[in-house]
Structures are given as structure tokens and as C-alpha cells.
Amino acid sequence: SYRKGGYHAVRIGDSFSGGRYIAQRKLGWGEFSTVWLAYDTRSSEFVALKIQKSAPQFAQAALHEIEVLSAIADGDPSNSKYVVRLIDHFKHTGPNGQHSCMVLEFLGDSLLRLVKYNRYKGLELDKVREICKCILIGLDYLHRELGIIHTDLKLENVLLLSTINATQDPIRSGTPPILERPEGIPNGGATMNIIEKKLKQRARRAAARISGRRASMGGVGGGAKTNRSLDGIDLKCKVVDFGSACWADKQFAQEIQTRQYRSPEVILQSGYSFSADMWSFACIAFELATGEMMFTPKGGQGFSEDEDHLAMMMELLGKIPRKIANGGARSKDYFDRYGDLKRIRRLKYGSIEKLLIDKFRFSETDALEFAKFLCPLLDFEPENRPTAQQCSQHPWLNITSQNQTEVTSESGMEKVNVGMRNLQMKAGK
Ligand code: ATP
Ligand code: MG
Ligand code: MG
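Residues numbered from 1 in each chain as written. Chains lettered and ligands numbered in written order. Predicted model: local features only at pLDDT ≥ 70, side-chain atom pairs only at ≥ 80, totals over all residues. Heavy atoms only, no water.

Colleague: Quick one: what's the story with the overall build of the chain, residue by residue and with numbers?
Modeller: Summing up its helical and strand segments, the chain has 15 helices and 10 strands in all. Across the 429 residues in the chain, those meeting the buried criterion constitute 46%. Residue pairs in contact within the chain that sit at least 24 positions apart in sequence constitute 65% of those at least 6 positions apart. Of the roughly 22400 Å² of accessible surface on the chain, a fraction of 51% belongs to carbon and sulfur atoms. (Helix = DSSP H or I, 4+ residues; strand = E, 2+ residues; numbered from the N terminus. Buried < 20%, exposed > 50% of the residue type's maximum accessible area, 1.4 Å probe, protein only. Contact = heavy atoms within 4.5 Å. Areas by Shrake-Rupley, 256 points an atom, 1.4 Å probe, with all protein chains shown as cover.)

Colleague: A description of helix α1 (residues 56-74) should follow, citing residues and the corresponding values.
Modeller: In this model, α1 (19 residues) spans 27 Å end to end at C-alpha, consistent with the 27 Å of a helix rising 1.5 Å per residue. Buried residues of α1: F58, A62, H64, E65, I66, V68, L69, I72 and A73, and no others. Against β4 (45-52), β5 (86-94), β6 (97-105), α3 (125-146), β7 (148-149) and β10 (246-247) lie the buried residues of α1. (Expected span 1.5 Å × (residues − 1).)

Colleague: Describe the site of ligand 1, with residues and values.
Modeller: Neighbouring ligand 1 are 16 residues; E31, S33, K50, E105 and L107 lie closest to it. E105 is positioned such that a nitrogen or oxygen atom in its backbone is 2.9 Å from a nitrogen atom of ligand 1. Here ligand 1, which alone exposes 610 Å², has 82% of that area covered by the protein. Elements supplying a minimum of two residues to the shell around ligand 1: β2 (21-29), β3 (33-40), β4 and β6. Counting residues per element, the shell around ligand 1 draws most heavily on β2, at three residues. Grouping the constituent residues of the shell around ligand 1 by class yields nine nonpolar, three polar and four charged. (Near = heavy atom within 4 Å. Polar contact = N/O pair within 3.5 Å; in protein donor to acceptor, adjacent residues only side chain to side chain. Nonpolar A, V, L, I, M, F, W, Y, C, P; charged D, E, K, R; others polar.)

Colleague: If you had to explain the pattern of salt bridges to someone new, which residues and values would you point to?
Modeller: For side chains bearing opposite charge, pairing can occur when the charged atoms are close. Counted under the stated rule, the structure contains 23 salt bridges. With its nearest N and O atoms 3.8 Å apart, the salt bridge here joins E255 to R262. Note on E255: relative accessible area 59%, which makes it exposed. Its salt-bridge partner being E305, residue R259 comes within 3.7 Å of it at the nearest N-O pair. Linking R259 in the loop between β10 and α6 (264-268) with E305 in helix α8 (residues 305-317), this pair joins segments that are 46 residues apart in sequence. (Salt bridge = Lys/Arg side-chain N within 4 Å of Asp/Glu carboxyl O.)

Colleague: So what about the state of the cysteines? Which residues, and what values?
Modeller: Under the definition given, this model contains zero disulfides. For C283, which is in no disulfide, the shortest distance to another cysteine sulfur is to C132 and amounts to 12 Å. Not part of a disulfide, C391 finds its nearest cysteine sulfur in C132, a span of 7.6 Å. When its relative accessible area of 4% is taken as the criterion, C391 is described as buried. (Disulfide = S-S within 2.5 Å.)

Colleague: Please provide a residue-by-residue account of the sheet that holds β6, values included.
Modeller: Read across the sheet, six strands follow the order β1-β2-β3-β4-β6-β5 without closing on themselves; strand pairing throughout is antiparallel. Strands with a single pairing partner mark the edges of an open sheet, and in this sheet they are β1 (15-16) and β5. Bridge count for β4 against β6 is five bridges, and the pairing is antiparallel. Within the sheet, the bridge partner assigned to L49 lies in β6 and is V103. Helix-sheet contacts for α1 involve β4, β5 and β6, and the interaxial angle to β6 is about 25°. (Pairing = 2+ DSSP bridges. Axes fitted to C-alpha atoms, helices over the stretch in contact; angles between N-to-C directions.)

Colleague: Tell me about the pairing of β3, residues and numbers included.
Modeller: Among the eight residues in β3, eight count as buried, and that is most of the element. Where burial is concerned, the two faces of β3 agree: the one with S33, V35, L37 and Y39 and the one with T34, W36, A38 and D40 are both buried. Taken together, the seven bridges between β2 and β3 define a ladder with antiparallel strand orientation. Across the sheet, the residue bridging to K26 is W36, located in β3. Following β2, the chain reverses through three residues before pairing antiparallel with β3.

Colleague: I'd like to hear about the nonpolar core, residue by residue, with values.
Modeller: Within the largest apolar cluster, 90 residues are counted, with the highest numbers of intra-cluster contacts made by I72, L111, I135, F242 and F281. It is α3 that contributes the most residues to this core, 11 residues altogether. In this structure L111 touches I131, I135, L155, V158, L160, I284 and L288, once residues within four positions along its chain are discounted. Among the nonpolar cores identified, the runner-up in size contains 14 residues, and F16, V47, I51 and I178 belong to it. (Core = buried A, V, L, I, M, F, W, Y, C linked by side-chain atoms within 4.5 Å.)

Colleague: Please provide a residue-by-residue account of unusual backbone geometry, values included.
Modeller: Backbone geometry at N79 places phi at a positive 50°, although glycine is not the residue there. Along the polypeptide, N79 turns up in the loop between α1 and β5. Classification of N79 as partly exposed rests on a relative accessible area of 26%. The residue R119 is not glycine, and still its phi comes out positive at about 55°. Summarising the element assignment, R119 is placed in the loop between α2 (111-117) and α3. Residue class for R119 comes out partly exposed when judged on its relative accessible area of 33%.

Colleague: Which residues make up the packing of aromatic side chains, and what values go with them?
Modeller: Enumeration according to the criterion identifies 11 aromatic pairs in this entry. Aromatic pair Y39 and F46: ring centres 5.3 Å apart, planes at 65°, arrangement edge-to-face. Overall, the relative accessible area of 12% leaves Y39 in the buried class. We classify F46 as buried; its relative accessible area is 14%. A centroid spacing of 6.3 Å and a plane angle of 35° characterise the contact between W279 and F380, whose relative ring orientation is tilted. (Phe/Tyr/Trp six-rings, centres within 6.5 Å; stacked < 30°, edge-to-face > 60°.)

Written out as C-alpha cells, the structure reads:
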């Protein structure tokens, strides 16, 4: 991909936009771009520099993304809406062509990294609530104030405000910025590895220092099998990746959303709107709380991935009303005129609540309350789903762990009783 029309090869210390930005290290990449941590010499801040591939279709896509990001930044001057901020954009010419570049505020790890870090165990519900509140503020802003549908909400596209690992975080680790290309290393592709190796060594040494410090403070160190603490990680987050976002009144793609987060109206092609984002949001909330995706459809013998997906939705959420099942441009491919799937006949019906209790070992109260939050968002009728604003008023978001202590107060009583018994035993001695 590092050829004409493709990615721009970046070396640490490279400068951009007339020397304003200096590349520090690679943060990530996608189909369209590589993203670099860069130092902004004008503001003396670290930023994320997204360098698009250069071919015309990528330049076109960048233009669109910049248009959306600009509208987002213009509508939120105080940067308080939990959506990534565009700081600057420019073009950079390199050996592979002219690349559109976006300068974004520097954010931390994605929610996917967070769930992995937590060993796919599902986060405490208080943490899930905290994350949900941020996403809902972001969505309400996009939907109600800007008329923008994100269309690709998933764990990878929500980033924490800071990194999980303090050594990766230039601000928390206090690492000074690299201001010029490291000396003694000639230009050339292979040399990048030497610098990267050196930087990795430096990061490893710093990591050892920091985990040593944490262990001595009684925190969780780098132990392989210990539970990982999320204490001290600010779980505020922002919605990112507006490459496929659209204005509700200017839609261009029929097939939107990443498979597992795709809403039924998109599969059936019956038209979508803001409520498609709300479906994906529910999938995110479920995944955060359980550590597993809500739907992971796979095609099989005699049925497609789409059909498997629709079957899974019905098994978890109940039968799709006939009017909806038969109301899309693709309905005839999947459903007979009675609203039954043509090729998957026997469904095993369950419910979110039951799944949370049986598989994920939720308490009955937690399962009931969480299901009451999720189910309206997963209404097959898109119009019936709550808006982001309505959803942000849902009582589940304001349950505090204090309420939960009441639920577990029985075990609290046990502790008191054990204490009493000990006292009596001592007294009896
Ligand atoms: P996609 O194929 O997902 O559309 P893309 O080329 O549009 O990819 P992004 O998804 O925007 O690129 O970014 C790629 C990766 O770079 C992200 O997954 C993330 O790890 C990292 N990244 C993007 N933006 C930021 C940011 N503002 N701060 C920190 N890291 C970021
Ligand atoms: Mg992405
Ligand atoms: Mg993208």
C-alpha cells in the first residue's frame, strides 16, 4: 500500500505543514489512512495526524470527512460534546502523491482495546453507564443539532480521552517531544525499523519503571493472571471516524454499518435514519457490559449471513412484525408472505434478560434493569426507538452503585453476623 496512490511513508521526526507538526510515532491505521502522534509546535500540544492515501477516491473521501468534521467543530466551539475535534487540515506532497491530512485532537485507546484489556470480561455497570452517557451526548449533538448520522458506531470508533497504559500517553508519561529526525540515521525505508526499535526499547524501560512504581503503591502491576484494575482510567470517551457519516437528508450509501452493529432496516433495505445509530449504540452498551458482541452472524449451509443475522435478532428480541419483515426492498429474499424466514425455520426464542442471567451471570435486578434500557433501542420499528436525547433521560443511567449496595445488603448482614459470632466465641472463651 506504500505506492503511488497509497499511504505516505512517514519517518519519526518528519515535519508537516511548513514545519508546524512533527511526527512522533504511529498511532494506528485504517483502510484509508495512517494516523500518527504528532507534536504541534505552534500550540505545544500533541495531536493526531491522519494522513490519507493519495488516490483520487481517497482524496474525495477525505474532503467529505473534513466537511463533516468542520461542521462538528463549528457547532461546538467549547469542545464539550464528546465528538472528536478537527484542529486543522492541509495537503502534503510526497513520493506517492498528494495526501489530504487531518489534524485531530489526540485521544487514547478505543473501547475495543479497553474490553480486551479487561480480558473480555465485561465492565462494571457503573463504568458502562459512564461511557454510555458520553456517547449519548455525542449522538444527541450529531443527530439533533447537526442532522448527521454516524453510520459506523462500534467499539473501535469510540476512543477514550486518555490511554490505558500511562507510558503510551505522552502527556501522562511526560515524554518530551521529538523535534527533529533522530541524528545519524540516513533517509530510507529500512532505517525506520531501527528508530522504532529504539523507541520500543525506551517505552519498555519506561513501562517497567511505571509498573514498578504502581506495584509499590499497592496497585495492580503487570501480573499476567491478576484482575486488571480500571481505577484511575478516566472513562470519558469521544466518538470518532466520520469517514462514512452522512447528513440524514443527503444519504449516499445503502449498505451502512459494520456487520455486527447493523440494524434490521439496513439489512432489509427499508430506509434508515438517526435511529440506525441508536441500534448500534445498544450493541455497544451490551458488548461493554458482557465483553461479547450481541450478534455475530455467520452464513451457513443454505442460508446467508443476513438471514442468520435476522434469525439471531428474532431469537433474542422476538418475532419481527410482519409489516416490517415484508416492508423492505430485500424482504422477498428473506421472508415468506407470512413474515417467516424462508430458509431458517426453527428459531430458539429467548430474551436479553434471560441471556444476561444465564450466560453472563448478571443478578436478576441488574439483568432486568439493563434489559429495560436496551430493549426499546432494539425495537424492530425504527420510529419507536428512543432518540439519543430521550435515551439519555433513562433511569438506568442514573442508578448508582449505592442502589446496588442495597441489593447486596444481605451479604453485608452476613458479615455483621459473622462478626457477632466471632465476638460471642471470643466472649465464650
Ligand atoms: P477505517 O478503515 O476505520 O475507516 P481510517 O483510515 O478512516 O480507518 P481511522 O479509523 O480514523 O482511520 O483511524 C485509524 C486508527 O488511528 C484508529 O483506529 C485509532 O487507533 C487511531 N486514531 C484515529 N484518530 C485518533 C485520534 N484522534 N487520537 C488517537 N488515535 C487515533
Ligand atoms: Mg476506524
Ligand atoms: Mg474511516
